[in-house]
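Fold and contact review
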Amino acid sequence: KLTNSHAHGGSHSSGSGSTLLGYIGIDTIIEQMRKKTMKTGFDFNIMVVGHSGLGKSTLVNTLFKSQVSRKSAGWARDDKIPKTVDIKAVSHVLEEGGVKMKLTVVDTPGFGDQINNDNCWEPISKYINEQYEKFLKEEVNITRKKRIPDTRVHCCLYFISPTGHSLRQLDVEFMKRLSHSVNIIPVIAKADTMTIEERQDFKQRVRKELEMGGIEFYPQKEFDEDMEDKSDNDKIREAMPFAVVGSDKEYQVNGKRVLGRKTAWGIVEVENPNHCEFAQLRDFLIRSHLQDLKEVTHNIHYETYRAKRLNENGAVLALLCPPSPTNEIYLMFPRPFYVSFCIYNIVCVHRPAY
Amino acid sequence: MVGRRCSSVRDKNPLLQQKNLEGYVGFASLPNQVYRKSVKRGFEFTLMVVGESGLGKSTLINSLFLTDLYSAEYPGPSHRIKKTVQVEQAKVLVKEGGVQLLLTIVDTPGFGDAVDNSNCWQPIIDHIDSKFEDYLNSESRVNRRQMPDSRIHCCLYFIAPSGHGLKPLDIEFMKRLHEKVNVIPLIAKADTLTPEECQQFKKQIMREIQEHKIKIYEFPETDDEEENKLVKKIKDKLPLAVVGSNTIIEVNSKRVRGRQYPWGVAEVENSDHCDFTILRDMLIRTHMQDLKDVTNNVHYENYRSRKLAAVTYNGVDNNRAKGQLSTKSPLAQMEEERREHVTKMKKMEMEMEQVFEMKVKEKVQKLKDSEAELQRRHEQMKKNLEAQHKELEEKRRVFEEERANWEAQQRLEQQKLEASRTLEKNKKKGKIF
């Protein structure tokens, strides 16, 4: 019986039609990968952007069920609003079920708080590109580290103010400029401001405005790989932007202890899907698309940056390495194991004269 | 009560003695007369609302005055895309218990919505100043029977419920406007905050307001103990956290105005839920007249003294009396204006006369021209006639000539005929011979 099932499995896995005569054990690679990942752990960098008072730090704390935001790391609640946009990164190591995750939360206090908010997205854009640059430098080194520390921003949560009317100009400007260098996930903050009908109206209007502005938020339509992906992602895209409420306080409701906010007329339960869409956001972000976020960042955003950099001063980079023909060619050849999209990019970069 | 009042009058003016009345005179009905007159005249009140879009300003106005000043079809901010801050007025006449109130709501769409909001308060300041200017001008007129009061009596400033503190824009705006108008800061959409967050937020805001020395509207102290207690209660709750709504929901078989959430109903008129009732009572029921008085006595006077001082100052003046070096009191300036007016009239008269003369000349000229033209034509016609006459004469002469010729010929023929006949006769006669 055992051999039968394995043979069955074998006939599934062979695409070219050659049936396996016995159980080889190829499918144990998944187990091996799992063990390796558990040992090495992985990095995840999330950036939160939005003007002050939208509950960004609270939401991040609620998402990862621990005090990971900068507010908990020592900054006081009523700190003065900085005059320019600051970038503050705080790292923690979380462990669950034997899997270790190094979570870095990048906060941007001062965004959108000034009277004149022109170019307040520039420090953020600079930071993102700096992380790509760091990674690129490590990659083109001759003696590379076994595991390059990944500080690139995998996901940017953009907090939309719940005015109930439409996106603000600043929101549109920011997302337009950054949707091509990082995965942006727009989120409607403090959703307990709006009733259910107001929320639906607002979401529709925001979606329309995002479409009109040509803003591609994550999951981007162009990177859907197959029909299954497309249908899953379509469902998610219809429900975005998620209207969330964050809280790190617990209250007793119907004999259960839930995270929520207590007001004079009721308790807003954070994880109740009838009250807000926090549970959906958490499942989407952590339970189903975490790895995909990292992959899109690595395969697409980082590759775009790399191609641009190599295009502008490929000669400079070649000088960084000693004049050995193999190295130069290595820089220019397309790298294996990546999506065809980036191969297209690399081919453009290829300089036959070299 | 009456005794106390009288004693205060006596304290202020020790020469006044209180006389006891020996009968009923009737001047106790003075307040009634004032009341009746005021009711007939009606009241005016102008309210300005300022804040970023989406803070529920329109909803709050609707809730406060229980009218649909901003109906559901009124386009929301997403449709009113403005590049600069606009100032819009809406007037509504409300009647209640025989008392008329002309309510003007001044709205400022576009405030704080752009990416760069520097000077977004400037259109608002200009508007307030222009209203003061209008009132100043109508006060300085000769005929002052009609003095419409469109000055802004109160400015409700909406603070976004971030829970942290005031934004730089809020501070800048209030700093610039607290000397020009009564500023009442409100926390908008207060159902976002839990009671503890609300308390903390209010304390933080009051601290920042004091730190930046912003003078928000102060509730006046009264002599009455009861009222003082109420006033103190209000002062503790500043800034007021409000929620607006006009939708009616059933709660515990009671119909209340509120907002329906899946986790409960936030009632607008419940003082445990928000401070809306306090705002309404304060704004309409108790302090409306005081707001008007403060605007008139403090803000307007400030504006007026600044404006008139600019007139009399030698160096910079920014009104019509340019280049005048003398120090003038307003009366003298009025004289000057009258003289100017008279000279202007004279000039206009002269101009008119000139114009009149010119026109007369033109007409005369035209008539002369037409006369000459007629004359010319007359001559021409005469010439034509003469020519025709000559022609005709010529023809006649020719005709006469021909006729004469023809007659002559006829005679000749006749003669010939005669001659031939006589010859024939003679021949015949001769033959016989």
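What you are looking at is a predicted structure, and each value in this text was computed from that prediction instead of being measured. (Residues numbered from 1 in each chain as written. Chains lettered and ligands numbered in written order. Predicted model: local features only at pLDDT ≥ 70, side-chain atom pairs only at ≥ 80, totals over all residues. Heavy atoms only, no water.)

1. Here's the deal with the sheet that holds strand β7 (residues 248-251) of chain B
Residue and element names in this part refer to chain B. The antiparallel open sheet is built from three strands, whose spatial order is β7-β8-β9. Strands at the two margins of the open sheet, each flanked by one partner only, are β7 and β9 (264-267). Averaged over all pairs of adjacent strands, the angle between their axes in this sheet comes to 70°, without regard to strand direction. Alignment of strand β8 (residues 254-261) against β9, held across four bridges, turns out to be antiparallel. (Pairing = 2+ DSSP bridges. Helix = DSSP H or I, 4+ residues; strand = E, 2+ residues; numbered from the N terminus. Axes fitted to C-alpha atoms, helices over the stretch in contact; angles between N-to-C directions.)

2. Structural notes on the interface of chain B and chain A
Contacts between the two partners involve 44 residues from chain B and, on the opposite side, 41 residues from chain A. Regarding the contact of chain B and chain A, the summed buried area is about 3500 Å², with carbon and sulfur atoms giving 54% of it. Considering only the side of chain B, the residues that lose the most area to chain A are Val115, His164 and Trp263 of chain B, jointly responsible for 24% of the buried surface there. Where chain B meets chain A, there are three salt bridges. One salt bridge in this structure joins Glu198 of chain A and Arg259 of chain B, with 2.8 Å as the shortest N-O distance. For the pair chain B and chain A, the number of links is 13 residue pairs in polar contact (both at pLDDT 80 or more). Mapped by element, the contributors of at least two residues to the side of chain B that touches chain A are α5 (168-177), α6 (195-211), β8 and β9 of chain B. Top contributing element to the side of chain B that touches chain A by residue count: α6 of chain B, with six residues. (Contact = heavy atoms within 4.5 Å. Buried area = accessible area lost by both parts, 1.4 Å probe. Salt bridge = Lys/Arg side-chain N within 4 Å of Asp/Glu carboxyl O. Polar contact = N/O pair within 3.5 Å; in protein donor to acceptor, adjacent residues only side chain to side chain.)

3. Quick notes on the packing of aromatic side chains
All names here are of chain A. Scanning the entire structure with this criterion turns up 15 aromatic pairs over all chains. Ring centres 5.2 Å apart and planes at 75° place the aromatic pair Phe111 and Phe174 in the edge-to-face group. Linking Phe111 in the loop between β3 (99-107) and α4 (122-139) with Phe174 in helix α5 (residues 169-178), this pair joins segments that are 63 residues apart in sequence. For the pair formed by Phe111 and Phe174, the shared burial category is buried. For the pair Tyr218 and Phe284, a centre-to-centre distance of 6.0 Å together with 40° between the ring planes defines the contact as tilted. With Tyr218 in the loop between α6 (196-212) and α7 (227-239) and Phe284 in helix α8 (residues 278-288), the pair connects residues that are 66 residues apart, well separated along the chain. (Phe/Tyr/Trp six-rings, centres within 6.5 Å; stacked < 30°, edge-to-face > 60°. Buried < 20%, exposed > 50% of the residue type's maximum accessible area, 1.4 Å probe, protein only.)

4. Some words on the pattern of salt bridges
One pass over the structure, following the stated rule, counts 41 salt bridges over all chains. Between Asp234 of chain A and Arg237 of chain A there is a salt bridge whose closest N-O contact spans 3.0 Å. With Asp234 of chain A and Arg237 of chain A both in helix α7, this residue pair falls three residues apart, about one helical turn. The exposure class of Asp234 of chain A is partly exposed, given its relative accessible area of 27%. The closest approach of N and O atoms between Glu197 of chain B and Arg261 of chain A, which form a salt bridge, is 2.9 Å. Here Arg261 of chain A lies in strand β8 (residues 256-263) and Glu197 of chain B lies in helix α6, a pairing that spans two chains. Arg261 of chain A sits in the buried class, given a relative accessible area of 12%. Here the residues in one salt-bridge network are Glu133, Lys137, Arg309 and Glu312 of chain A, joined through shared partners.

As far as function goes, none of this settles anything; it's purely spatial.
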